[in-house]
Amino acid sequence: MGKLVVAAAASGCAVVACVVAALMVGRSVRRRRGWRRVVRVLEELEEGCATPVGRLRQVVDAMAVEMHAGLASEGGSKLKMLLTYVHNLPTGNEKGIYYALDLGGTNFRVLRVRLGGQRSAIIEHDVDRQPIPQHLMTSTSEELFDFIATSLNDFVEREENVSKPSQKERRELGFTFSFPVKQISSSSGTLIKWTKGFSVEDMVGKDVSQCLQQAMSRKGMDMRVTALINDTVGTLALGHYHDEDTVAAVIFGTGTNACYLERADAIIKSQGLLTTTGGMVVNMEWGNFWSSHLPRTSYDVDLDAESPNPNDQGFEKMISGMYLGDIVRRVILQMSQESDVFGPVSSKLDEPFILRTPLIAAMHEDDSPNLNEVARILKETLKIPDVPLNVRKLVVKVCDVVTCRAARLAAAGIVGILKKIGRDGSGGIASVKTRNGIHNKMRRTVVAVEGGLYTNYTMFREYLNEAMGQILGEDVAPYVIIKVTEDGSGIGAALLAASHSASEVVDSVQLL
Ligand code: BGC
């Protein structure tokens, strides 16, 4: 009897053990299958985002071709190639106190800049920065500009109380408005369209300076907008102020864009454009660049289709800070739907823009052995807890693929500009004979860069710099310098307000 009980118990245990073993095998088979599926998603992403140098060179050529087309006729290209009427970059002789207003990203800033009259002598500048209240990004132009004018007024009062004596002359303001604007002069222009999540509908087609001027009048302020500029133009102005070899400027922030110094006679669409310097800064609005050579994935297609501006700003949606995090979110969502390596699909993965780019930078650059930062962000932001290490590594890889593509395409864009203006070395490098032998000689070319994506995201910066070297080659690359300017979008506006102020020649640009 006793033996029977023991035997029955033993066979019962064996059955349980078999069931447990079968369950474990089943689970591990499922896990392996799930893992294979997410690896496939990653491989497809890598393939879709590939940017070998050959492809980057095609993007360089396409950028240069589109630049020509955009300069040839209005609407000739997705690149708007907007005239800025800025033909004189600051010389360093600018003197006096100027205000600047910077509106264009997540923050809005007011600055007061004292210029000393000698290059590099920006004696002081004070800044007030505040986030734009979300509701104002989609409100009316009057509400938005009243808010701006109030903040500006408070700032002026505060500043002038502190730094007596108060200014008797009319104050002058440089306004950096970082959206596509059809300039009518260097101090006025109408908004073509909004980007970066702004959508104040009644503003489109309106004169931006006038809206600000009217709001300032409503506040009883005595201030005149003497320069209306894009942030890229402010960056170029500050870059050129410090280094005269600066010929182009690029922003990698919430949005992305570039401007450069063009020959006036190359701007065919404005035939007869006369400037005293024979040149003009062109705002490319390269965020809207498009080419069939751009490596596009289904994630980009979906992001675009679900955005408030489909078929618009295609390059920006692959490159800029506003979108990179959301591409990564979409990939993780896909992985999570295809397997259970992230556990049950988190509803947070469905929320657009929940994974902001600073978070993907933090995950990408997590150098702790257990990727604790990745685990923390997945848990706190996406509500995905307890992710094993191999899956955390996978997330890092996704960030890497998306950021690497963005940075390399950005590099190709920059070389495209250099190609257009003959500074990419493709025309050959002159050889100069000296006593010590033959030396290659090429003009030094500086590109001013600003924006948190470049300055705060080390991997983006390193991938971009590496790709510049690969595209240009080792003979040419040393002559092309990417230089970070600090606060060009603010200080540059004050500099241009100074060089376009009443005391300077204002109407030295004519359209015949
Ligand atoms: C805007 C540009 C701006 C860029 C960087 C883009 O979305 O269209 O005008 O220069 O963002 O701020």
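Described below are features of the structure shown in this document. Note that this is a predicted model, so its numbers are computed, not measured. (Residues numbered from 1 in each chain as written. Predicted model: local features only at pLDDT ≥ 70, side-chain atom pairs only at ≥ 80, totals over all residues. Heavy atoms only, no water.)

1. Considerations on the nonpolar core
(1) Moving on: Counting residues in each nonpolar core, the largest one holds 94 residues, and the members touching the most others are Phe252, Met284, Trp286, Phe460 and Leu464.
(2) Moving on: Examining the composition of this core, we find that 19 residues originate from one element, helix α11 (residues 389-420), more than from any other.
(3) Moving on: Once you skip the residues sitting within four places of it in the chain, Trp286 turns out to touch Met63, Leu79, Val250, Phe252, Thr256, Asn257, Ala258, Phe315, Ala410, Gly413, Ile414 and Ile417.
(4) Moving on: In terms of nonpolar packing, the next biggest core, distinct from the first, is built from 34 residues, Leu144, Val156, Cys211 and Leu228 among them. (Core = buried A, V, L, I, M, F, W, Y, C linked by side-chain atoms within 4.5 Å. Buried < 20%, exposed > 50% of the residue type's maximum accessible area, 1.4 Å probe, protein only. Helix = DSSP H or I, 4+ residues; strand = E, 2+ residues; numbered from the N terminus. Contact = heavy atoms within 4.5 Å.)

2. Concerning the pattern of salt bridges
(1) Moving on: Enumeration over the complete set of coordinates arrives at 28 salt bridges.
(2) Moving on: Two residues, Arg40 and Glu338, come together in a salt bridge whose shortest N-O distance is 3.8 Å. With Arg40 in helix α1 (residues 2-48) and Glu338 in helix α8 (residues 321-338), this pair connects stretches of sequence that are 298 residues apart.
(3) Moving on: The class for Glu338 is partly exposed, based on a relative accessible area of 25%.
(4) Moving on: Across the pair Glu466 and Arg408 runs a salt bridge whose closest N-O atoms are separated by 4.0 Å. Here the residue Glu466 occupies a position in helix α13 (residues 458-472), and Arg408 occupies one in helix α11, the gap between them amounting to 58 residues.
(5) Moving on: With relative accessibility at 43%, the residue Glu466 sits in the partly exposed group.
(6) Moving on: One network of salt bridges, with partners in common, ties together Asp243, Asp245, Arg444 and Lys483. (Salt bridge = Lys/Arg side-chain N within 4 Å of Asp/Glu carboxyl O.)

3. Notes on helix α6 (residues 298-305)
(1) Moving on: Along α6, the positions that sit buried rather than exposed are Tyr299, Asp300, Leu303 and Asp304. For α6, the angular spread of the buried residues around the axis is 130 degrees, confining them to a single face. (Arc of directions from axis to C-beta.)

4. Considering the packing of aromatic side chains
(1) Moving on: Tallying each qualifying case throughout the model produces 15 aromatic pairs.
(2) Moving on: Ring geometry for Phe289 versus Phe315: centroids 5.1 Å apart, planes at 85 degrees, classification edge-to-face. Taken together, the residues span a long stretch of sequence, with Phe289 in the loop between β12 (279-283) and α6 and Phe315 in helix α7 (residues 314-319) at a distance of 26 residues. Taken as a pair, Phe289 and Phe315 share a single burial class, namely buried.
(3) Moving on: Between the aromatic rings of Tyr323 and Phe353, the centroid separation amounts to 6.1 Å while the plane-to-plane angle is 65 degrees, which identifies the pairing as edge-to-face. Residue Tyr323 is located in helix α8, and its partner Phe353 is located in the loop between α8 and α9 (357-364); the two are separated by 30 residues in the primary sequence. (Phe/Tyr/Trp six-rings, centres within 6.5 Å; stacked < 30°, edge-to-face > 60°.)

5. Details of the site of the ligand
(1) Moving on: Taken together, 14 residues lie near the ligand, and Thr195, Asn230, Asp231, Glu285 and Glu316 sit nearest.
(2) Moving on: In the environment of the ligand, an oxygen atom lies 2.8 Å from a nitrogen or oxygen atom belonging to the side chain of Thr195.
(3) Moving on: At a separation of 2.8 Å, an oxygen atom of the ligand approaches a polar side-chain atom of Glu316.
(4) Moving on: In the complex, 97% of the free accessible area of the ligand, which totals 310 Å², lies under the protein chains.
(5) Moving on: Counted by class, the shell around the ligand contains three nonpolar, seven polar and four charged residues. (Near = heavy atom within 4 Å. Polar contact = N/O pair within 3.5 Å; in protein donor to acceptor, adjacent residues only side chain to side chain. Areas by Shrake-Rupley, 256 points an atom, 1.4 Å probe, with all protein chains shown as cover. Nonpolar A, V, L, I, M, F, W, Y, C, P; charged D, E, K, R; others polar.)

6. A short note on the packing of helix α2 (residues 53-72) against α13
(1) Moving on: Contact geometry of α2 with α13 gives a least axis separation of 10 Å together with a crossing angle of 85 degrees. When the interaxial angle is binned, α2 and α13 end up roughly perpendicular. Facing α2, whose interface residues are Val53, Leu56, Arg57 and Val60, α13 presents Ala467, Gln470 and Ile471.
(2) Moving on: For the contact of α2 with α13, the class distribution of residues is five nonpolar, one polar and one charged. (Axes fitted to C-alpha atoms, helices over the stretch in contact; angles between N-to-C directions. Parallel < 35°, antiparallel > 145°, perpendicular 65-115°, else oblique.)

7. Things to note about the state of the cysteines
(1) Moving on: Scanning the entire structure with this criterion turns up zero disulfides.
(2) Moving on: Unpaired in terms of disulfides, Cys49 finds its nearest cysteine sulfur in Cys404, a separation of 9.0 Å.
(3) Moving on: Taking the relative accessible area as the measure of exposure, Cys49 reaches 6% and is therefore buried. (Disulfide = S-S within 2.5 Å.)

None of this, on its own, says anything about what the molecule does.
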